[in-house]
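# Summary of the model geometry
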Amino acid sequence: MGLLDGKKVLITGARKGIGRGIAITLANEGADVGVNDILDDNFTKRLLEIITNSGVRATFHQGDVSRIEDINLVFDSFIEQHHQIDILVNNAIFPDQQRPFFETDEVYWDRMMNLSLKGYFFASQRAAKEMISAGVEGRIICLSSVHSYVAMPNWTAYGTAKMALRRMVKGI
């Protein structure tokens, strides 16, 4: 018997890295896990196998959570398969997290803010609406970073997004 038996969890950016570790850990605690990522590949398939082998349900919900339309598609798919959401873990990020200040252009800046801030905001909003509608006392977790309060060269855009995320969490 685990701490999260029967809970329904959606994790964004769960295919690899920290998200993958969170997915496996929560599955080992008894949660049914919805894995979101922009890519569906062998890493995804293997993760779903690992989760399923823990004795819980594993589902995949492909989408780019920097886009509101995709966020809604991901949630629609998750709710259709799990019927409710108890925990949202906002974890998605792209690999190119550092860029020199003078090489940070509008395209990179928007990509960072759209995924690390806008996506987390609107995924949190949708999760909260679903939880309230279902009468679920759920949890919304947003992963930030040490870069939100420690200034380091080449991490300005990422650190700015993560500091804004910290403020956003205080407001919800």
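Quick summary incoming for the structure in this document. It should be emphasised that the depicted structure is a prediction, and the values quoted were computed from it without experimental measurement.

## Considering the overall build of the protein chain
Looking only at helices and strands, the protein chain has five helices and five strands in total. The order of α-helices and β-strands along the protein chain, N terminus first, is β-α-β-α-β-α-β-α-β-α. In terms of overall dimensions, the protein chain has C-alpha extents of about 50 × 35 × 30 Å along its principal axes. Once local pairs closer than 6 in sequence are excluded, the contacts in the protein chain between residues at least 24 apart make up 65%. On the protein chain, roughly 9200 Å² of surface is accessible, and the fraction owed to carbon and sulfur atoms is 55%. The protein chain carries 19 positive and 20 negative side-chain charges, and their two centres are separated by 4 Å.

## Remarks on helix H5 (residues 156-171)
Here H5 is 16 residues long and its end C-alpha atoms lie 23 Å apart, about the 22 Å a rise of 1.5 Å per residue gives. Every buried residue of H5 is accounted for by Ala157, Tyr158, Gly159, Ala161, Lys162, Leu165 and Met168. In the core, the buried residues of H5 are packed alongside helix H4 (106-134) and strand E5 (139-142).

## Overview of helix H2 (residues 42-53)
In a regular helix each residue adds 1.5 Å, so twelve residues correspond to 16 Å; H2 covers 16 Å between its end C-alpha atoms and thus fits that length. All of the buried residues along H2 are Thr44, Leu47, Leu48 and Ile51. Each buried residue of H2 sits inside an arc of 100° when the element is viewed along its axis, so together they form one side. Projecting away from the buried face of H2 at angles above 90 degrees are the exposed residues Asn42 and Asn53.

## Concerning the pattern of salt bridges
On inspection of all chains with the given rule, the structure shows eleven salt bridges. Close ionic contact of Arg99 with Asp105 constitutes a salt bridge, the shortest N to O distance being 4.0 Å. Classification of Arg99 as partly exposed rests on a relative accessible area of 22%. Where salt bridges share partners, they join Arg15, Asp37 and Asp41 into one cluster.

The rules we used
Residues numbered from 1 in each chain as written. Predicted model: local features only at pLDDT ≥ 70, side-chain atom pairs only at ≥ 80, totals over all residues. Heavy atoms only, no water. Helix = DSSP H or I, 4+ residues; strand = E, 2+ residues; numbered from the N terminus. Contact = heavy atoms within 4.5 Å. Areas by Shrake-Rupley, 256 points an atom, 1.4 Å probe, with all protein chains shown as cover. Lys, Arg positive; Asp, Glu negative; His and termini not counted. Charge placed at Lys NZ, Arg CZ, Asp CG, Glu CD. Expected span 1.5 Å × (residues − 1). Buried < 20%, exposed > 50% of the residue type's maximum accessible area, 1.4 Å probe, protein only. Arc of directions from axis to C-beta. Salt bridge = Lys/Arg side-chain N within 4 Å of Asp/Glu carboxyl O.

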